[in-house]
Amino acid sequence: MVDFVVTCLQAATPIWLAALAGMFAQRSGILHLGLEGLLLSGAFVATATAIRTGSILLAVGAAIVVNLLLSLLFWVLVTHFKANVLIVGLGLSMSAAGATGFALVAFFDTEAAIQSPIGLPRPLAGVGGPLAGLSVLTFAAFALTWVSWWVIRRTRAGLRLSACGSDPFAARSAGVPVDLYRMASLQVGGLLCALAGAELSLAQVRSFSDNIAQGRGYLAFAAVLLGGLAPIGVSVAAVFFGSALAFGIQSQLDFNDVLPPQFVLMLPYAATIAAISATVVVKRRRGEQPTLVMERTL
């Protein structure tokens with residue numbers, strides 16, 4: 001049982017970190033469908049830098065720099081050029097999928113997975129036990145959830161950030177620089193997605209393969225909607241989706257001859273649909289607005 005919980009945490013960590021990124025963006029008024037693309041870019045840059053330099057700090061740092069630049073581009077497009085935020089997000093994700101696949105061939109002359117000689121540190125590796133396999137970013141996810149809650153609930157910046165999403169016109173009237181807060185939220189999201197990408201490629205498998213994210217960014221987006229834009233709720237939703245992924249992996253190992261592999265692979269996405277549908281039903285019974293995607297004005 002403990003081993004399965006550890007597997008769930010390992011599977012949930014990239015979704016968890018990306019979901020916190022999406023939460024900050026959506027609290028500022030931006031529906032972030034580019035989480036998948038930032039996950040992919042972070043995973044590729046981290047792995048490629050780790051192979052070239054042999055330094056885990058440089059690998060994570062390079063992933064953060066690239067994702068900060070991509071997040072800045074996202075902000076410029078939706079703020080200054082008034083591009084549709086959903087189209088920009090999807091464009092970022094699809095462009096990253098193609099660009100990382102192209103870079104894999106261009107820089108490493110292969111379409112197969114590239115192996116990293118190093119991985120993320122595991123704080124409890126010397127202690128042993130079931131938790132020894134958890135990377136430092138899994139423990140960081142717990143800390144970042146608390147920090148996110150404190151920033152949003154206990155600081156003036158957090159309250160202003162929420163105002164930018166709930167009523168941007170009133171926020172501007174009160175002198176809040178809405179565009180700058182949105183840029184800051186996207187930059188925080190870029191950093192978190194870089195960590196999520198590094199966790200995905202350098203924690204367990206220590207490799208990068210084409211489309212390694214496999215929809216985890218979209219699961220993170222669903223976790224934001226399901227968690228109600230609250231750090232704890234978003235984190236619980238992300239762990240739930242991670243558990244579905246872990247269950248699918250475990251089922252594939254234990255019941256490979258009984259369950260079709262296609263059924264196993266669809267489990268996390270079926271769980272997403274079921275969870276969001278259940279949320280809509282509950283909201284309707286309470287007389288609340290059932291729409292999960294809140295309307296935002298950029």
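A quick note: this is a predicted structure, and the numbers were derived from the prediction, not measured.

1. A few points about the nonpolar core
- In this structure, Ile15, Ala19, Phe44, Phe74 and Phe208 are the most contacted members of the largest nonpolar core, which totals 81 residues.
- With 14 residues, helix α1 (residues 2-27) is the largest single contributor of residues to this core.
- Each residue touching phenylalanine 208, except ones within four places of it in the same chain, is listed here: Leu40, Ala43, Phe44, Thr47, Thr100, Leu104, Ala112, Ala113 and Ile114.

2. Structural notes on the packing of helix α3 (residues 56-79) against helix α4 (residues 85-108)
- One can describe the packing of α3 onto α4 by two numbers: an axis separation of 10 Å at closest approach and a directional angle of 150°. As far as their axial angle goes, α4 and α3 are roughly antiparallel. At the point where α3 passes α4, the crossing takes the right-handed sense. Of α4, the residues touching α3 (which contributes Leu70, Phe74, Leu77 and Val78) are Val85, Val88, Gly89 and Leu92.
- Among the residues making up the contact of α3 with α4, the classes are represented as 7 nonpolar, 1 polar and no charged.

3. Some details on the environment of cysteine 8
- Along the chain, the position of cysteine 8 falls in helix α1.
- Note on cysteine 8: relative accessible area 6%, which makes it buried.
- Sequence separation of cysteine 8 and alanine 244 is 236 residues, and the distance between their C-alpha atoms is 8.0 Å.
- If we skip the residues at most four places from it in the chain, cysteine 8 touches Gly242, Ser243 and Ala246.

4. Some thoughts on the pattern of salt bridges
- For the structure shown, the criterion picks out 1 salt bridge.
- With its nearest N and O atoms 3.5 Å apart, the salt bridge here joins arginine 172 to aspartate 179.
- Classification of aspartate 179 as partly exposed rests on a relative accessible area of 30%.

5. Examining the confidence of the model for the protein chain
- For the protein chain, per-residue confidence averages 89 on the pLDDT scale, and 90% of positions sit at 70 or higher.
- Scored below 50 in pLDDT, residues 290-297 makes 20 contacts in the model with residues more than four places away or belonging to other chains.

6. Topic: the side chain of threonine 155
- Structurally, the position occupied by threonine 155 is in the loop between α5 (136-154) and α6 (156-166).
- On the basis of relative accessible area, threonine 155 is assigned to the buried category, the value being 15%.
- At 2.3 Å, the side chain of threonine 155 forms a polar contact with the backbone oxygen of valine 151.
- A distance of 3.1 Å separates the side chain of threonine 155 from the backbone nitrogen of glycine 158, its partner in a polar contact.

Cut-offs applied
Residues numbered from 1 in each chain as written. Predicted model: local features only at pLDDT ≥ 70, side-chain atom pairs only at ≥ 80, totals over all residues. Heavy atoms only, no water. Core = buried A, V, L, I, M, F, W, Y, C linked by side-chain atoms within 4.5 Å. Buried < 20%, exposed > 50% of the residue type's maximum accessible area, 1.4 Å probe, protein only. Helix = DSSP H or I, 4+ residues; strand = E, 2+ residues; numbered from the N terminus. Contact = heavy atoms within 4.5 Å. Axes fitted to C-alpha atoms, helices over the stretch in contact; angles between N-to-C directions. Parallel < 35°, antiparallel > 145°, perpendicular 65-115°, else oblique. Left-handed = near helix turned anticlockwise from the far one by under 90°. Nonpolar A, V, L, I, M, F, W, Y, C, P; charged D, E, K, R; others polar. Salt bridge = Lys/Arg side-chain N within 4 Å of Asp/Glu carboxyl O. pLDDT = per-residue confidence, 0-100. Polar contact = N/O pair within 3.5 Å; in protein donor to acceptor, adjacent residues only side chain to side chain.

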